[in-house]
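Each chain, written out:
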Amino acid sequence: MTTPPNIVLVHGAWADGSSWSSVVERLQAGGFHVTAPQFPLTSLADDVARLRQVLDFQDGPTVVAGHSYGGQIITALGTDAPNVAGLVYIAAFGLDQGESLGALLSQGPPTPALAHLFTDKQGFGWLSEDDFVNHFAADVDPVRARVMYAVQQALAGSAFTDVMGVPAWKSQPCWYLVASNDEAIPPAAERQFAKRMGATTVEIPSSHVAMVSHPDKVARLIESAAQAVPA
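Residues numbered from 1 in each chain as written. Predicted model: local features only at pLDDT ≥ 70, side-chain atom pairs only at ≥ 80, totals over all residues. Heavy atoms only, no water.

1. Topic: the overall build of the protein chain
Here's step 1: What the protein chain contains, in helices and strands, is nine helices and nine strands.
Here's step 2: Expected size for 231 residues packed as a compact globule is a radius of gyration near 17 Å; at 16 Å, the protein chain falls within 12% of this value.
Here's step 3: Evaluated residue by residue, the protein chain yields a buried proportion of 53% over its 231 residues.
Here's step 4: A fraction of 71% describes how many contacts in the protein chain between residues 6 or more apart in sequence connect residues 24 or more apart. (Helix = DSSP H or I, 4+ residues; strand = E, 2+ residues; numbered from the N terminus. Rg over C-alpha atoms; globule rule 2.2 N^0.38 Å. Buried < 20%, exposed > 50% of the residue type's maximum accessible area, 1.4 Å probe, protein only. Contact = heavy atoms within 4.5 Å.)

Structure, rendered in C-alpha coordinates:
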(Lines give C-alpha, C1' and ligand atoms only; values in the text may rest on other atoms or scores of the structure.)
Protein backbone atom coordinates (compact mmCIF):
# COMPACT_ATOMS: atom_id res chain seq x y z
CA MET A 1 0.00 0.00 0.00
CA THR A 2 1.37 3.41 -1.03
CA THR A 3 2.03 5.87 1.77
CA PRO A 4 0.13 9.13 1.18
CA PRO A 5 2.09 12.36 1.03
CA ASN A 6 2.53 14.47 4.13
CA ILE A 7 0.53 17.68 4.44
CA VAL A 8 1.82 20.96 5.87
CA LEU A 9 -0.69 23.75 6.52
CA VAL A 10 0.51 27.36 6.56
CA HIS A 11 -1.64 29.96 8.32
CA GLY A 12 -1.81 33.58 7.25
CA ALA A 13 -1.76 36.96 8.94
CA TRP A 14 -4.10 37.68 11.85
CA ALA A 15 -4.50 33.93 12.35
CA ASP A 16 -2.52 31.05 13.83
CA GLY A 17 -2.15 27.31 13.37
CA SER A 18 -5.40 26.63 15.23
CA SER A 19 -7.36 28.15 12.35
CA TRP A 20 -6.71 24.86 10.54
CA SER A 21 -8.06 22.68 13.39
CA SER A 22 -11.21 21.41 11.66
CA VAL A 23 -9.28 20.71 8.46
CA VAL A 24 -6.57 18.87 10.42
CA GLU A 25 -9.18 16.61 12.01
CA ARG A 26 -10.60 15.68 8.61
CA LEU A 27 -7.22 15.06 7.00
CA GLN A 28 -6.03 12.96 9.94
CA ALA A 29 -9.22 10.91 9.69
CA GLY A 30 -8.28 10.29 6.06
CA GLY A 31 -4.94 8.81 7.09
CA PHE A 32 -2.69 11.78 6.37
CA HIS A 33 0.26 12.95 8.46
CA VAL A 34 -0.48 16.64 9.02
CA THR A 35 1.58 19.49 10.46
CA ALA A 36 0.12 22.96 11.09
CA PRO A 37 2.96 24.94 12.67
CA GLN A 38 2.95 28.44 14.09
CA PHE A 39 4.62 31.12 11.98
CA PRO A 40 6.22 34.18 13.58
CA LEU A 41 4.95 36.71 10.99
CA THR A 42 7.97 38.85 11.88
CA SER A 43 9.23 38.94 8.28
CA LEU A 44 8.74 36.95 5.11
CA ALA A 45 12.29 35.59 5.47
CA ASP A 46 11.55 34.38 9.01
CA ASP A 47 8.33 32.72 7.89
CA VAL A 48 9.98 30.96 4.95
CA ALA A 49 12.74 29.79 7.30
CA ARG A 50 10.11 28.28 9.61
CA LEU A 51 8.45 26.51 6.66
CA ARG A 52 11.80 25.11 5.52
CA GLN A 53 12.45 23.91 9.08
CA VAL A 54 9.15 22.02 9.05
CA LEU A 55 9.68 20.64 5.55
CA ASP A 56 13.10 19.36 6.58
CA PHE A 57 11.62 16.83 8.99
CA GLN A 58 8.89 15.58 6.65
CA ASP A 59 9.59 11.99 5.63
CA GLY A 60 8.78 11.95 1.94
CA PRO A 61 6.72 14.02 -0.52
CA THR A 62 4.66 16.82 1.00
CA VAL A 63 1.69 18.87 -0.13
CA VAL A 64 1.85 22.40 1.26
CA ALA A 65 -1.32 24.46 1.67
CA GLY A 66 -1.30 28.17 2.45
CA HIS A 67 -4.11 30.50 3.47
CA SER A 68 -4.03 34.25 2.72
CA TYR A 69 -0.51 35.55 3.53
CA GLY A 70 0.41 31.87 3.91
CA GLY A 71 0.26 31.81 0.12
CA GLN A 72 3.04 34.39 0.12
CA ILE A 73 5.12 32.12 2.34
CA ILE A 74 4.71 29.01 0.20
CA THR A 75 5.26 30.99 -3.01
CA ALA A 76 8.54 32.38 -1.62
CA LEU A 77 9.99 28.87 -1.42
CA GLY A 78 10.95 29.51 -5.04
CA THR A 79 12.66 26.76 -6.98
CA ASP A 80 14.28 25.32 -3.86
CA ALA A 81 11.41 23.47 -2.22
CA PRO A 82 12.68 20.20 -0.72
CA ASN A 83 10.06 17.46 -0.30
CA VAL A 84 7.34 19.67 -1.83
CA ALA A 85 5.16 17.80 -4.32
CA GLY A 86 2.31 20.29 -4.75
CA LEU A 87 0.93 23.63 -3.59
CA VAL A 88 -2.62 24.43 -2.48
CA TYR A 89 -3.80 28.02 -2.15
CA ILE A 90 -6.82 28.73 0.06
CA ALA A 91 -8.03 32.29 -0.63
CA ALA A 92 -4.34 33.11 -0.75
CA PHE A 93 -1.89 35.47 -2.37
CA GLY A 94 -0.04 33.98 -5.32
CA LEU A 95 2.31 36.74 -6.41
CA ASP A 96 4.59 36.65 -9.42
CA GLN A 97 8.23 37.68 -9.60
CA GLY A 98 8.75 41.39 -8.91
CA GLU A 99 5.37 41.89 -7.21
CA SER A 100 4.69 42.89 -3.59
CA LEU A 101 1.64 42.73 -1.35
CA GLY A 102 1.63 46.48 -0.80
CA ALA A 103 1.72 47.29 -4.51
CA LEU A 104 -1.08 44.83 -5.19
CA LEU A 105 -3.33 46.07 -2.39
CA SER A 106 -2.75 49.71 -3.36
CA GLN A 107 -4.36 49.15 -6.77
CA GLY A 108 -7.81 49.69 -5.24
CA PRO A 109 -9.51 50.94 -2.10
CA PRO A 110 -8.89 48.96 1.10
CA THR A 111 -11.06 45.87 1.33
CA PRO A 112 -13.62 45.87 4.19
CA ALA A 113 -11.56 43.48 6.32
CA LEU A 114 -8.50 45.75 6.08
CA ALA A 115 -10.26 49.11 6.15
CA HIS A 116 -9.13 49.98 9.67
CA LEU A 117 -5.83 48.11 9.81
CA PHE A 118 -3.61 49.86 12.34
CA THR A 119 0.11 49.66 13.05
CA ASP A 120 1.63 49.50 16.53
CA LYS A 121 4.86 51.14 17.69
CA GLN A 122 6.88 48.08 16.66
CA GLY A 123 5.59 48.25 13.08
CA PHE A 124 3.13 45.35 13.24
CA GLY A 125 -0.34 45.57 11.71
CA TRP A 126 -3.51 44.54 13.55
CA LEU A 127 -7.18 44.22 12.60
CA SER A 128 -9.95 45.91 14.56
CA GLU A 129 -12.52 43.67 16.24
CA ASP A 130 -15.39 44.94 14.09
CA ASP A 131 -13.54 44.36 10.83
CA PHE A 132 -12.32 40.94 11.98
CA VAL A 133 -15.71 39.62 13.12
CA ASN A 134 -17.92 41.21 10.46
CA HIS A 135 -15.65 41.08 7.40
CA PHE A 136 -12.52 38.92 7.87
CA ALA A 137 -14.54 36.02 9.35
CA ALA A 138 -17.98 37.12 8.18
CA ASP A 139 -19.54 33.64 7.88
CA VAL A 140 -18.10 32.26 11.13
CA ASP A 141 -20.25 32.11 14.28
CA PRO A 142 -19.61 35.49 16.01
CA VAL A 143 -18.64 33.81 19.28
CA ARG A 144 -15.93 31.81 17.52
CA ALA A 145 -14.93 34.79 15.38
CA ARG A 146 -14.29 36.86 18.50
CA VAL A 147 -12.08 34.10 19.88
CA MET A 148 -10.15 34.12 16.60
CA TYR A 149 -9.83 37.90 16.91
CA ALA A 150 -8.49 37.54 20.45
CA VAL A 151 -5.67 35.21 19.33
CA GLN A 152 -4.79 37.02 16.09
CA GLN A 153 -1.09 37.30 15.27
CA ALA A 154 -0.05 40.70 13.95
CA LEU A 155 1.88 40.94 10.68
CA ALA A 156 5.18 42.80 10.30
CA GLY A 157 4.86 45.85 8.07
CA SER A 158 7.87 44.71 6.03
CA ALA A 159 5.70 41.91 4.61
CA PHE A 160 3.91 44.48 2.48
CA THR A 161 7.10 45.74 0.82
CA ASP A 162 8.96 42.45 0.30
CA VAL A 163 9.31 41.78 -3.43
CA MET A 164 8.67 38.24 -4.64
CA GLY A 165 11.47 36.32 -6.32
CA VAL A 166 10.86 33.39 -8.67
CA PRO A 167 7.57 31.92 -7.40
CA ALA A 168 7.34 28.27 -6.39
CA TRP A 169 4.08 27.87 -8.34
CA LYS A 170 6.01 28.11 -11.61
CA SER A 171 7.62 24.74 -10.93
CA GLN A 172 4.96 22.94 -8.86
CA PRO A 173 1.46 21.62 -9.59
CA CYS A 174 -1.08 23.92 -7.97
CA TRP A 175 -4.63 23.92 -6.64
CA TYR A 176 -6.62 27.02 -5.70
CA LEU A 177 -9.78 27.64 -3.68
CA VAL A 178 -11.46 30.95 -4.50
CA ALA A 179 -13.65 32.36 -1.72
CA SER A 180 -16.31 34.26 -3.66
CA ASN A 181 -17.48 36.26 -0.61
CA ASP A 182 -13.98 37.21 0.50
CA GLU A 183 -13.75 40.70 2.01
CA ALA A 184 -9.99 40.61 2.64
CA ILE A 185 -8.59 39.62 -0.78
CA PRO A 186 -10.84 40.57 -3.74
CA PRO A 187 -12.24 37.38 -5.30
CA ALA A 188 -11.32 38.76 -8.73
CA ALA A 189 -7.67 38.85 -7.62
CA GLU A 190 -7.92 35.26 -6.37
CA ARG A 191 -9.27 34.17 -9.75
CA GLN A 192 -6.39 35.96 -11.45
CA PHE A 193 -3.83 34.25 -9.21
CA ALA A 194 -5.37 30.85 -9.95
CA LYS A 195 -5.55 31.44 -13.70
CA ARG A 196 -1.98 32.54 -14.20
CA MET A 197 -0.56 29.69 -12.12
CA GLY A 198 -2.66 27.22 -14.11
CA ALA A 199 -4.17 25.89 -10.90
CA THR A 200 -6.91 23.33 -10.59
CA THR A 201 -9.55 25.67 -9.20
CA VAL A 202 -12.73 25.41 -7.14
CA GLU A 203 -14.89 28.31 -6.01
CA ILE A 204 -17.14 28.36 -2.96
CA PRO A 205 -19.37 31.04 -1.35
CA SER A 206 -17.12 31.64 1.63
CA SER A 207 -15.61 34.46 3.63
CA HIS A 208 -11.84 34.85 3.74
CA VAL A 209 -11.42 32.12 6.37
CA ALA A 210 -12.76 29.23 4.31
CA MET A 211 -10.80 26.66 6.32
CA VAL A 212 -12.88 27.64 9.38
CA SER A 213 -16.32 28.07 7.80
CA HIS A 214 -16.04 25.36 5.10
CA PRO A 215 -13.53 22.80 6.44
CA ASP A 216 -15.06 19.90 4.48
CA LYS A 217 -14.52 21.61 1.14
CA VAL A 218 -11.06 22.83 2.04
CA ALA A 219 -10.00 19.38 3.24
CA ARG A 220 -11.46 17.81 0.10
CA LEU A 221 -9.37 20.06 -2.16
CA ILE A 222 -6.19 19.30 -0.20
CA GLU A 223 -7.00 15.58 -0.35
CA SER A 224 -7.48 15.77 -4.12
CA ALA A 225 -4.08 17.44 -4.44
CA ALA A 226 -2.50 14.75 -2.25
CA GLN A 227 -4.06 12.02 -4.41
CA ALA A 228 -2.78 13.62 -7.61
CA VAL A 229 0.88 14.12 -6.72
CA PRO A 230 3.48 11.34 -7.05
CA ALA A 231 3.86 9.28 -3.87
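That was the structure; now back to the text.
2. Digging into the sheet that holds strand E6 (residues 124–126)
Strand pairing within a sheet occurs via backbone hydrogen bonds; the two strands may be parallel or antiparallel.
Here's step 1: Strand order in the open sheet formed by three strands is E5-E6-E7, with antiparallel pairing between adjacent strands. Of all the strands in the sheet, just strand E5 (118–119) and strand E7 (155–156) have a single pairing partner and so form its edges.
Here's step 2: Relative to E6, E5 runs antiparallel, the two being bridged by two bridges. Within the sheet, the bridge partner assigned to Thr-119 lies in E6 and is Gly-125. (Pairing = 2+ DSSP bridges.)

3. Observations concerning the side chain of Gln-152
Here's step 1: In this fold, Gln-152 is placed in the loop between helix H6 (142–150) and E7.
Here's step 2: On the basis of relative accessibility, which here comes to 9%, the residue Gln-152 falls in the buried class.
Here's step 3: At 3.1 Å, the side chain of Gln-152 forms a polar contact with the backbone oxygen of Leu-127.
Here's step 4: Sequence-distant contacts of Gln-152, defined by excluding residues within four places in its chain, comprise Trp-14, Ala-15, Trp-126, Leu-127 and Phe-132. (Polar contact = N/O pair within 3.5 Å; in protein donor to acceptor, adjacent residues only side chain to side chain.)

4. Focus: the sheet that holds strand E1 (residues 6–10)
Here's step 1: In spatial order, the strands read E2-E1-E3-E4-E8-E9; together these six strands make up an open sheet with parallel pairing. Every interior strand has two partners, whereas the edge strands, strand E2 (34–35) and strand E9 (200–204), have only one.
Here's step 2: In terms of strand pairing, strand E4 (residues 84–90) meets strand E8 (residues 174–179) through four bridges, oriented parallel. In the strand pairing of E8, Val-88 is matched with Trp-175.
Here's step 3: Against the sheet, helix H1 (residues 21–29) touches E1 and E2, its axis set at about 175 degrees to E1. (Axes fitted to C-alpha atoms, helices over the stretch in contact; angles between N-to-C directions.)

5. Section: the nonpolar core
Here's step 1: Formed by 77 residues in total, the largest nonpolar core has its most connected members in Leu-9, Trp-20, Leu-51 and Ile-222.
Here's step 2: In contact with Leu-9, other than residues within four places in its own chain, are Trp-20, Val-23, Val-24, Leu-27, Val-34, Thr-35, Ala-36, Pro-37, Phe-39, Ala-65 and Ile-222. (Core = buried A, V, L, I, M, F, W, Y, C linked by side-chain atoms within 4.5 Å.)

6. Brief notes about the pairing of E1
Here's step 1: For E1, the tally of buried residues reaches five of five residues, placing the bulk of the element in the interior.
Here's step 2: Residues Asn-6, Val-8 and Val-10 of E1 are buried on one face, and the alternating residues Ile-7 and Leu-9, pointing to the opposite face, are buried as well.
Here's step 3: As defined by bridge partners, E1 adjoins strand E3 (residues 62–67) across five bridges and the pair is classed as parallel. Along E3, the bridge assignment pairs Leu-9 with Ala-65.

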